[in-house]
Amino acid sequence: MSILNGKTCPFCGKGHLQQGSQDQEYDYQGHTLLIAQPGIYCNQCEEAILEPEHLKATRIDLQEFRARIDGILGPREIRKIRKQIGLNQKEAATLFGGGKNAFSRYEQGELAPSKAISQLFKIFNNHPNLVKELN
């Protein structure tokens, strides 16, 4: 629980801060996603303080949303395919590039994979035996 819980709201000075979740609308390229965003909210003015753990809680869902619109694979699908073709994150980065932490960042929703990486993973999802040809 946050040390801010129960404190006076720094925005309006009247309400009190309460940890909870509120529906937030996210817009991306003309599409909208309604997501339950955890945070610390004022019970009067409804302003919010979003700490890193609150943002982390919705990061993968937001990246999945953007990925669907952009036509690339989302974090969950990248992870599923990587495991299915028998690679750990370091091996995937060695084969496909992007740096030593790239696949960790893709799978945590911190970074979207390039269209090329996404397309390769779609191919390897359908033809996992082709990965052996890269070694």
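In this text the structure is predicted, and so the values were computed from the model without any measurement.

About the thresholds
- Residues numbered from 1 in each chain as written.
- Predicted model: local features only at pLDDT ≥ 70, side-chain atom pairs only at ≥ 80, totals over all residues.
- Heavy atoms only, no water.
- Helix = DSSP H or I, 4+ residues; strand = E, 2+ residues; numbered from the N terminus.
- Rg over C-alpha atoms; globule rule 2.2 N^0.38 Å.
- Buried < 20%, exposed > 50% of the residue type's maximum accessible area, 1.4 Å probe, protein only.
- Contact = heavy atoms within 4.5 Å.
- Areas by Shrake-Rupley, 256 points an atom, 1.4 Å probe, with all protein chains shown as cover.
- Pairing = 2+ DSSP bridges.
- Axes fitted to C-alpha atoms, helices over the stretch in contact; angles between N-to-C directions.
- Core = buried A, V, L, I, M, F, W, Y, C linked by side-chain atoms within 4.5 Å.
- UniProt positions renumbered as here; feature names shortened; annotations may be inferred.

Broken down by element type, the protein carries 5 helices and 3 strands. At 19 Å, the protein has a C-alpha radius of gyration far larger than the 14 Å of a compact globule built from 135 residues. Across the 135 residues in the protein, those meeting the buried criterion constitute 32%. Considering only residue pairs separated by 6 or more positions, the protein has 45% of its internal contacts joining residues 24 or more positions apart. A total accessible area of about 8,300 Å² is found for the protein, and carbon and sulfur atoms account for 49% of it.

Moving on, we get to the sheet that holds strand β1 (residues 17-28). Spatially, 3 strands are ordered β1-β2-β3 in an open sheet, and the strand pairing comes out antiparallel. Whereas interior strands pair on both sides, the edge strands pair on one side only; in this sheet they are β1 and β3 (48-49). Pairing between β1 and strand β2 (residues 31-42): 12 bridges, direction antiparallel. What sits directly across from Asp27, in β2, is Thr32. Against the sheet, helix α1 (residues 52-70) contacts β1, β2 and β3, and its axis sits at roughly 170 degrees relative to β2.

Mapped onto the elements of the fold, Gln108 is located in the loop between α4 (102-107) and α5 (115-126). For Gln108, a relative accessible area of 31% translates into the label partly exposed. Discounting chain neighbours no more than four positions away, the residues touching Gln108 are Arg59 and Ile60.

Let us look at the nonpolar core. One recurring pattern in soluble globular proteins is that nonpolar side chains are buried together. Judged by nonpolar contacts, the single largest core of 15 residues is most densely connected at Phe96, Phe103 and Phe121. Those elements that provide at least two residues to this core are α2 (75-84), α3 (89-96), α4 and α5. Setting aside its immediate chain neighbours within four residues, Phe103 contacts Ile78, Arg82, Gln89, Ala92, Ala93, Phe96, Gly97, Ile117 and Phe121. Grouped together as the second largest cluster of nonpolar side chains are 5 residues, Cys9, Ile40, Cys42 and Ile49 included.

The sites that carry the UniProt feature "domain: HTH cro/C1-type" (unreviewed entry) are, in the present numbering, residues 78-131. The distance from the first to the last C-alpha atom of residues 78-131 is 15 Å, and the span holds 61% helix and 0% strand.

This paragraph deals with unusual backbone geometry. It is generally the case that most residues other than glycine have a negative phi and that most peptide bonds are trans. If you check the backbone angles, Gln29 has positive phi at about 45 degrees while not being a glycine. Turning to its location among the elements, Gln29 is positioned in the loop between β1 and β2. One non-glycine residue with positive phi stands out, namely Glu46, at about 65 degrees. Turning to its location among the elements, Glu46 is positioned in the loop between β2 and β3.

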